[in-house]
Amino acid sequence: MNKKDEPESSNIIKYRGRFAPSPTGSLHFGSLITAIASYLEAKTSQGKWFLRIDNADFLREQDKASDSIKRSLELHGFEWDGNTHYQSNSLTLYNQKKDHLIDNDYVFRCNCSRKNLRNNPIGLNGVIYKGTCRTKNIKEDFSIRVITEHLKVAFKDEIQGHQACQIDEDIGDFTIWRRDNIISYHLATVIDDNEVGITNVVRGYDLLNSTFCQLYLQNILNYINPIYSHIPIATDANNQKLSKQFGAAELSNKLITQNLFNGLCALKQEPPTELRSDNLSNIWSWAIDNWSSKKLTMVKSITTLN
Ligand SMILES: [Zn+2]
């Protein structure tokens, strides 16, 4: 869906949020709380909420995971606007934007291996890349990196406060197109957010530093910068982020109200105990009436038993 399809009744830009899971497995508790927070932010702002399946990296996509995530969201009472957007449907657009960046000399080809870069210092987003291949003439087997200028990139995170970095020194030239010919997460995200006219991004704290790269790309591409809110990530008792990679348990669709209640507790909304045994509709009503992202201010992680 394109923002141009929708007539604007006024000049006020309405809130447009999204939830963008990767189909690398089923929904787990960590992704549920991100969905809840982004949904409640949209609903309490009288905004729209879109679902995007981030499957540009088809190598990591698990069979049937998209359907499982959608089914789980539906059963938990999430209602998204418009059709589900799949990144795999945007490949032509991605290539056009890549060509635009190449034609305007914003990027260069790089054939450094991980091994070549292993002695580089570690920055905010992994290894700092300092332009090694910028002036080389590489013909094959390359990734594409963006030239980072000597610029400070800063933003005000709605939950984590003021953030700033020196993009070339703290991150360096980052990848926009991988060697295996797959678009990078950063570039795909900014293109899709722009395409749907996303005004507000609510996502996990683990993605906070990637925002610098995304703001940098948005500025090159003349896109509007959305407002960002990075909510705490759910961790296990060992302080390990709940993720599919580390075997986070799939959410049970038989424990829907319990999952939702536990999600609100994890998000520090302090729902009344009696809500635990209430029905789905009442839990959502309570959540919409009482949602306050202020309760998450500066919180970076939440330990959970889920
Ligand atoms: Zn290189």
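This one's a predicted model, so the numbers in the text were calculated from it and none came from an experiment.

### Some points on the sheet that holds strand β4 (residues 107–110)
Move 1: Across the sheet, which stays open at both edges, the 3 strands sit in the order β4-β7-β10 with antiparallel pairing between neighbours. Each edge of the open sheet is held by one strand with a lone partner, namely β4 and β10 (175–177). Within this sheet the neighbouring strands show an average axis-to-axis angle of 45 degrees, counted without direction.
Move 2: Here strand β7 (residues 143–146) runs beside β10; their pairing, made up of 2 bridges, is antiparallel. Across the sheet, residue arginine 145 finds its bridge partner in β10, namely threonine 175.
Move 3: Packing against the sheet, helix α3 (residues 91–103) makes contact with β4, β7 and β10, and its axis sits at approximately 125 degrees to β10.

### A short note on the coordination of the zinc ion
Move 1: Within the protein, the atoms that donate to the zinc ion are Cys110 (SG), Cys112 (SG), Tyr129 (OH) and Cys133 (SG), at distances of 2.0 to 2.3 Å.
Move 2: In primary sequence terms, the donor set of the zinc ion follows C-x1-C-x16-Y-x3-C. Placement of cysteine 112 in the loop between β4 and α4 (114–117) and of cysteine 133 in the loop between β6 (126–127) and β7 is noted, with a sequence separation of 21 residues between them.

### Quick look at the pairing of strand β9 (residues 161–166)
Move 1: Here strand β8 (residues 152–157) pairs with β9 via 6 bridges, running antiparallel. The residue bridging phenylalanine 155 from the neighbouring strand is glutamine 163, located in β9.
Move 2: Hairpin connection, β8 to β9: the antiparallel pair is bridged by 3 residues.

### Considering the side chain of threonine 34
Move 1: In this fold, threonine 34 is placed in helix α1 (residues 29–43).
Move 2: The buried category is assigned to threonine 34, whose relative accessible area is 14%.
Move 3: Aside from chain neighbours lying at most four places away, what touches threonine 34 is Phe19, Val202, Arg203, Gly204 and Ile231.

### Brief notes about the packing of aromatic side chains
Move 1: In total, this model carries 10 aromatic pairs according to the counting rule given.
Move 2: With a centroid separation of 6.2 Å and an interplanar angle of 10 degrees, the aromatic rings of phenylalanine 19 and tryptophan 49 are classed as stacked. You can see phenylalanine 19 sitting in strand β1 (residues 16–19) and its partner tryptophan 49 sitting in strand β2 (residues 48–53), a full 30 residues away along the chain. For the residue pair phenylalanine 19 and tryptophan 49, the accessibility class agrees, reading buried in each case.
Move 3: Taken together, the ring pairs connect Phe19, Tyr39, Trp49, Phe78 and Trp284 into an aromatic cluster.
Move 4: The ring of tryptophan 177 carries lysine 98 above its face, with NZ or CZ at 4.4 Å from the centroid.
Move 5: It is arginine 145 that lies over the ring of tyrosine 129; its NZ or CZ is 3.8 Å from the centre.

### What about the domain arrangement of the chain?
Move 1: By the assigned domains, the chain splits into domain 1 (3–87 + 196–211 + 222–303) and domain 2 (92–177).
Move 2: Computed from C-alpha atoms alone, the centre-to-centre distance between domain 1 and domain 2 is 28 Å.
Move 3: Listed per partner, the contact involves 19 residues of domain 1 and 13 residues of domain 2.
Move 4: Summed over both sides, the interface of domain 1 with domain 2 buries roughly 1200 Å², with 54% coming from carbon and sulfur.
Move 5: Our count for the domain 1 to domain 2 interface comes out at 0 salt bridges.
Move 6: If you look at where domain 1 meets domain 2, you find 8 residue pairs in polar contact (both at pLDDT 80 or more).
Move 7: For the side of domain 1 that touches domain 2, the secondary-structure elements that each account for two or more residues are α7 (210–220) and β12 (227–231).

### Notes on the nonpolar core
Move 1: The biggest cluster of nonpolar side chains holds 38 residues, and the ones touching the most others in it are Ile36, Leu73, Phe78, Leu267 and Trp284.
Move 2: When residues of this core are traced back to their parent elements, those giving at least two are α1, β2, α2 (65–75), α8 (256–266) and α9 (280–290).
Move 3: Among the elements that take part in this core, α1 stands out by supplying 9 residues, more than any other.
Move 4: Grouped together as the second largest cluster of nonpolar side chains are 34 residues, Phe50, Leu208, Phe212 and Cys213 included.

Criteria and cut-off values
Residues numbered from 1 in each chain as written. Predicted model: local features only at pLDDT ≥ 70, side-chain atom pairs only at ≥ 80, totals over all residues. Heavy atoms only, no water. Pairing = 2+ DSSP bridges. Helix = DSSP H or I, 4+ residues; strand = E, 2+ residues; numbered from the N terminus. Axes fitted to C-alpha atoms, helices over the stretch in contact; angles between N-to-C directions. Contact = heavy atoms within 4.5 Å. Donors = N, O, S within 2.8 Å, 3.2 Å for Na, K, Ca; no water. Buried < 20%, exposed > 50% of the residue type's maximum accessible area, 1.4 Å probe, protein only. Phe/Tyr/Trp six-rings, centres within 6.5 Å; stacked < 30°, edge-to-face > 60°. Lys NZ or Arg CZ within 6 Å of the ring centre and 35° of its normal. Domains from an automatic or database assignment. Buried area = accessible area lost by both parts, 1.4 Å probe. Salt bridge = Lys/Arg side-chain N within 4 Å of Asp/Glu carboxyl O. Polar contact = N/O pair within 3.5 Å; in protein donor to acceptor, adjacent residues only side chain to side chain. Core = buried A, V, L, I, M, F, W, Y, C linked by side-chain atoms within 4.5 Å.

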